[in-house]
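# Tertiary structure, described
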Amino acid sequence: MIKSLLPGALNGDKMSVLLLYILWINLATFGWAGHDNKDKRLLLSDPQMMQVQLQEMQRRIQALEAQTSVRGSGNGAVYTIWGRASCPAVNGTATLYSGITGGGMYNQGSGVTTLCLPHNPDSLPADFPALTDDHPGPAYIFGAEYQLNYKNVAYDDDVPCAVCHAQTSTSALMIPAKLVCPQTWKLQYSGFLSAERSDYKGSDYICVDLNPEYLEGTRAVNADGRLIFPVQARCGSLPCPPYKEKQYVSCVVCAN
């Protein structure tokens with residue numbers, strides 16, 4: 001009986017879990033086959049033992065449901081860590097791929113979104129349409145460079161990134177101006193807020209890890225591209241306090 005129910009329970013079948021639960025209650029009440037009548041009478045006359053058995057069964061069912069929810073439903077939160085070549089080994093997080101931080105040239109057009117470009121790009125088909133006379137100029141994407149000296153990185157170092165899968169979570173969130181996560185949320189990494197310089201072309205805001213790394217073999221080569229500047233707060237429409245004029249802004253990535 002138990003063997004026939006186990007596969008369904010392990011696959012998250014609620015009916016199988018319920019039947020196992022009922023079976024356990026019956027076994028706890030009437031005993032396993034082969035137990036003598038004295039053991040049965042002892043179990044029936046001991047409410048405290050019954051309570052302990054029921055609580056243990058409830059704990060095991062909750063643990064089983066949590067495991068099957070993660071294993072069987074395809075849940076998980078995906079986020080990008082900037083400034084690191086791999087994902088933090090926390091909260092069941094796996095590295096989907098490691099890459100190169102990329103974006104538009106700091107003083108030109110093209111996209112404003114920062115991307116994590118894989119190290120092994122795939123080419124489009126050979127017959128992909130060529131540019132026409134009506135649209136002679138393509139869009140471009142470049143690598144990214146730090147514009148600060150901090151810990152392990154130096155000015156003009158190229159910036160790594162990684163795309164992460166927090167397998168035991170369903171949501172991931174970047175919170176600016178914080179280094180800790182809300183209650184019940186789990187810390188993935190903390191960092192500093194970054195964007196293009198205020199007098200350059202616009203970009204998105206990203207959270208760069210507080211322990212940044214650089215891409216090997218490309219140290220301090222000034223090729224420009226997407227430039228990683230730390231962000232400062234400016235008072236006015238932004239209230240001060242609680243913010244401070246030209247204070248560098250922190251950030252944190254949390255999962256739940």
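In this report, we go over the structure that sits alongside the text. Please read all numbers here as calculations on a predicted model, not as lab measurements.

## Description of the pairing of strand β4 (residues 142–146)
Taken together, the two bridges between strand β2 (residues 93–103) and β4 define a ladder with antiparallel strand orientation. By the bridge assignment for β4, G102 is matched with G143. Note: β4 against strand β9 (residues 226–230), three bridges, orientation parallel. For Y146, the partnering residue across the bridge sits in β9 and is I228.

## Details of the pattern of salt bridges
Throughout the structure, instances matching the rule amount to three salt bridges. Where D204 meets R226, a salt bridge forms, and the shortest distance between an N and an O atom there is 3.8 Å. Linking D204 in the loop between β7 (186–195) and β8 (206–209) with R226 in strand β9, this pair joins segments that are 22 residues apart in sequence. The partly exposed category is assigned to D204, whose relative accessible area is 23%. Judged by its relative accessible area of 2%, R226 falls in the buried class. Here E245 and R234 are joined by a salt bridge, their closest N and O atoms 2.6 Å apart. With E245 in the loop between β9 and β10 (250–255) and R234 in the loop between β9 and β10, this pair connects stretches of sequence that are eleven residues apart. Overall, the relative accessible area of 38% leaves E245 in the partly exposed class. Taking the relative accessible area as the measure of exposure, R234 reaches 53% and is therefore exposed.

The rules behind the values
Residues numbered from 1 in each chain as written. Predicted model: local features only at pLDDT ≥ 70, side-chain atom pairs only at ≥ 80, totals over all residues. Heavy atoms only, no water. Pairing = 2+ DSSP bridges. Helix = DSSP H or I, 4+ residues; strand = E, 2+ residues; numbered from the N terminus. Salt bridge = Lys/Arg side-chain N within 4 Å of Asp/Glu carboxyl O. Buried < 20%, exposed > 50% of the residue type's maximum accessible area, 1.4 Å probe, protein only.

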